[in-house]
Amino acid sequence: MSKKNIVSIEDRIPKLKQARKKKANRRLIFYLSVFFFLISIIVYLQSPLSNVKTIEVKGNTFLTNEEIIAESGLNRTTNIWSVDKEEIKQKLLSNPIINSVAISRDLPSSIEIVLKEHELVGYLRQENNYLPILGNGSILKSMKRKTFAGNAPLLVDFEEKTYLQKMTSELQELPNSLLKLISEIHWVPVKENKDKILLYMNDGFLVDGTIRGFASKMEVYPSIVSQLDKDSKGIIHIGVGAYFEAFNKEKNEEDEAE
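In this text, all values refer to a predicted model and were calculated from it rather than measured experimentally.

Peer 1: What's the story with the overall build of the protein chain in this structure? I'm lost.
Peer 2: The secondary structure content of the protein chain amounts to eight helices and 11 strands. Counting every position in the protein chain, which comprises 258 residues, the buried fraction comes to 32%. In the protein chain, once contacts between residues fewer than 6 apart in sequence are set aside, the share between residues at least 24 apart is 46%. Per element, the accessible surface of the protein chain, about 17200 Å² overall, is 53% carbon and sulfur.

Here is the structure:
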């Protein structure tokens, strides 16, 4: 009959005590780690370590980084976790130049402001200065220029603000490829049509149209020009119907009569 190994309870007690002690130590280390981790978070949140250190601004053309940061109310004493993104967004949108704003945290200490400004759609001449005009009708008097840049149309004789805003709103809907073709836009209201405008194009043509629906009606311009002889000059009408009227029409009729 084989002998069995018999371990007495006295031999097992030290091993059990040692295992229990190791388990208790591991548990203590875990709780202490959690405790110090929470303390570290509290210290971080209450200390300058959690303050905003970098503010990055993107998408601005007319406004400087400094102007945007000042309007946002952010500074180096702002706690990054106390930043109210919606409140800052509303502050910036109160500026007529800004069209949209997106704000994000870039941990541990950076804020990114991405904005979109209203597009430049023209210039308004005031005495000897040229004032940029945005698509929402805002006139940037603080950014006046002595010379006409030519990168957007010159708006002439728009003496009533309502019609100026209507015109700039239409220009904002116009593709850049068409906007660059326009040299000047004159407001020439008549009794029966206060929306009447006359455009001087960079390619030598005139365009007779109206402010109402201008952006959609102007889309036919490239198609009409492409069908004309390159030496042809005249007025392209884009009112009720689109058609071309040559400058020398009367002269041609006289020649035909002779």
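Peer 1: Explain the pairing of strand E5 (residues 129–134) here, please?
Peer 2: Consecutive side chains of a regular strand alternate in pointing toward one face of the sheet and then the other. Of all the six residues making up E5, six are buried; the element is thus mostly covered by neighbouring parts of the structure. Neither face of E5 is exposed, since Asn-129, Leu-131 and Ile-133 on one face and Tyr-130, Pro-132 and Leu-134 on the opposite face are all buried. As judged from the six bridges shared by strand E4 (residues 120–126) and E5, these two strands associate in the antiparallel manner. Looking across to E5, one finds that Tyr-123 is bridged to Pro-132. Counted along the chain from E4 to the antiparallel partner E5, the turn is two residues long, and its residue Glu-127 has a positive phi close to 55°.

About the criteria used
- Residues numbered from 1 in each chain as written.
- Predicted model: local features only at pLDDT ≥ 70, side-chain atom pairs only at ≥ 80, totals over all residues.
- Heavy atoms only, no water.
- Helix = DSSP H or I, 4+ residues; strand = E, 2+ residues; numbered from the N terminus.
- Buried < 20%, exposed > 50% of the residue type's maximum accessible area, 1.4 Å probe, protein only.
- Contact = heavy atoms within 4.5 Å.
- Areas by Shrake-Rupley, 256 points an atom, 1.4 Å probe, with all protein chains shown as cover.
- Pairing = 2+ DSSP bridges.

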